[in-house]
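Reading the structure
The lines below spell out each chain.
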Amino acid sequence: MPTKKAEKARMVAKITEVSIIDKKEIEKEIEQIDIQIDIAKRDVVSAPDGRLRIAHKRGTEQYYLVSENSDNLGKYISKKNADLIRALAQKDYARKTINYLEKKKKMLESMRDMVVSFDDDKIYNKLNDSRKKLISPYSIPDDDYIKNWLSESFKTKAFEEEESEILTERGERVRSKSEKMIADKLLMLGVPYKYEHPIVLIGVGTVYPDFTLLDIKKRENVLLEHFGMMDNPTYCENAIRKINSYQKNGYYEGENILYTFETLKNPINIKNFENVIRNRFEI
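Time to look at the sheet that holds strand E6 (residues 193–195). The strand order across the open sheet built from four strands is E6-E9-E10-E11, with neighbouring strands paired in mixed fashion. Looking at the sheet topology across the chains shown, the edges are occupied by E6 and strand E11 (257–261). Within this sheet the neighbouring strands show an average axis-to-axis angle of 20°, counted without direction. Pairing geometry for E6 and strand E9 (residues 211–215), over three bridges, is antiparallel. Bridge pairing in E9 links Tyr195 to Phe211. The sheet strands contacting helix H8 (residues 233–248) are strand E10 (220–227) and E11, and the helix crosses E10 at an angle near 165°.

Shown next as structure tokens:
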């Protein structure tokens, strides 16, 4: 169990990073503490009266039941009575745990209140719309950030005349049924995305990743490339070349870029894709 000094230092370290603390995460930890306290209290209530004293004599352990009104020596407990010994030990542990967790809970509650008190968005949120549109806020709410991110205008690649017209649930045109599945799943999961938003890669020039996703918690872009014809040797060579170009430009799989692959016999598994997105964006 951490010492009071170590626990206080950990809490202070968290408080100094108040701008990145998620109030919901603090409340979740408090909920877990409440559950642990309830379990420990049940162990105390159901335990026998008294407490356990352990003595060491001739290299062996001896157990004693110390009642509330007796001296500190207590009454000897035979090792055959293992259930009583374990119950008393658990009771002592539960009492100490309750005391520790209740202090920890108070510290977390204070930290949660501090997060609310020092909300970076509070001043901006109180402004009327007329003022909001005149300033560049230092910190803006997630909803406003997403709205601004999605409203950016950009020029995507043109569609060839022979390409099928495939529309997502959001009403935008994509180049394949798999891309539609991906787009619709992102929409369902609430992950903001742009389709074929251009970027510049050193040594390559302008490229159009299939999707650019927004990690709203980190305010970072995450690219998503879908390679849909991996059973075509030429397509596969180009895909490898493209992945290498991304790596040379600082895009690493699982961090700021994701890849999906499929062949005719092995189409994209949209459930697996959902799990990848949930894991990466902590949904």
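On we go from here.
Attention shifts here to the pattern of salt bridges. On inspection of all chains with the given rule, the structure shows 17 salt bridges. Between Asp215 and Arg280 there is a salt bridge, with its nearest N and O atoms 2.9 Å apart. Residue Asp215 is found in strand E9, and its partner Arg280 is found in helix H9 (residues 270–281); the two are separated by 65 residues along the sequence. Of the two residues, Asp215 and Arg280, neither departs from the other in class, the shared state being buried. When the shortest N-O distance is used, the salt bridge between Lys242 and Glu225 registers 3.0 Å. One end of the pair, Lys242, is in helix H8; the other, Glu225, is in strand E10, and 17 residues separate them in sequence.

The buried fraction of E10 amounts to six of the eight residues, a majority that puts the element mostly inside the structure. Of the strand pairs in this sheet, E9 and E10 are connected by five bridges, and their pairing is antiparallel. Bridge pairing links Leu213 to Val222 in E10. Hairpin remark: E9 followed by E10, antiparallel, with four residues in the connecting loop; positive phi at Arg219, about 55°. Looking at chain direction, E10 and E11 are connected through five bridges and run parallel. Residue pairing in the sheet places Leu223 in a bridge with Ile257 of E11.

Attention shifts here to the nonpolar core. Counting 18 residues, the largest nonpolar core has Leu186, Phe211, Leu213, Leu224 and Ile277 as its most contacted members. Contributions of two or more residues to this core are made by helix H7 (177–189), E6, E9, E10 and H9. Once you skip the residues sitting within four places of it in the chain, Phe211 turns out to touch Glu179, Ile182, Ala183, Leu186, Tyr193, Lys194, Tyr195, Val222, Leu223 and Leu224. Core analysis: the next-biggest nonpolar cluster, separate from the first, contains 10 residues, Leu201, Leu223, Tyr246 and Tyr259 among them.

As for its placement among the helices and strands, Arg42 is situated in helix H2 (residues 23–46). Separated by 52 residues in the primary sequence, Arg42 and Ala94 have C-alpha atoms spaced 9.0 Å apart.

Let us look at the sheet that holds strand E3 (residues 75–77). The three strands are arranged E1-E2-E3 in an open sheet whose pairing can be described as antiparallel. Taken across any chain shown, the strands that pair with only one partner, and hence form the sheet edges, are strand E1 (51–57) and E3. Going from strand to strand, the sheet's axes swing by 40° on average, the running direction of each strand aside. Where strand E2 (residues 60–66) and E3 come together, three bridges link them in antiparallel fashion. Bridged to Tyr63 within E3 is Ile77.

Rules of the game
Residue numbers here run from 1 along each chain, matching the order of that chain's written sequence. At least 70 in pLDDT is required for a residue's local features to be given in this predicted model, at least 80 for side-chain atom pairs to be given and counted, and no such filter applies to totals for whole chains, interfaces and linings, which use all residues. Side-chain metrics rest on all non-hydrogen atoms present in the structure, leaving aside hydrogens and water. When DSSP finds two or more bridges between a pair of strands, those strands are recorded as paired. The secondary structure listing takes helices from DSSP runs of H or I that are at least 4 residues long and strands from runs of E that are at least 2 residues long, numbered from the N terminus. Angles run from 0 to 180 degrees between N-to-C directions of axes, and those axes are lines fitted to C-alpha atoms, restricted for helices to the stretch in contact. We call two residues in contact whenever any of their non-hydrogen atoms come within 4.5 Å of each other. Salt bridge, as used here: a side-chain nitrogen of Lys or Arg that lies within 4 Å of a carboxyl oxygen of Asp or Glu. With a 1.4 Å probe rolled over the protein chains alone, any residue whose accessible area is under 20% of its type maximum counts as buried; one over 50% counts as exposed, and the rest are partly exposed. We define the nonpolar core as a collection of buried residues of types Ala, Val, Leu, Ile, Met, Phe, Trp, Tyr and Cys that are connected through side-chain atoms lying within 4.5 Å of one another.

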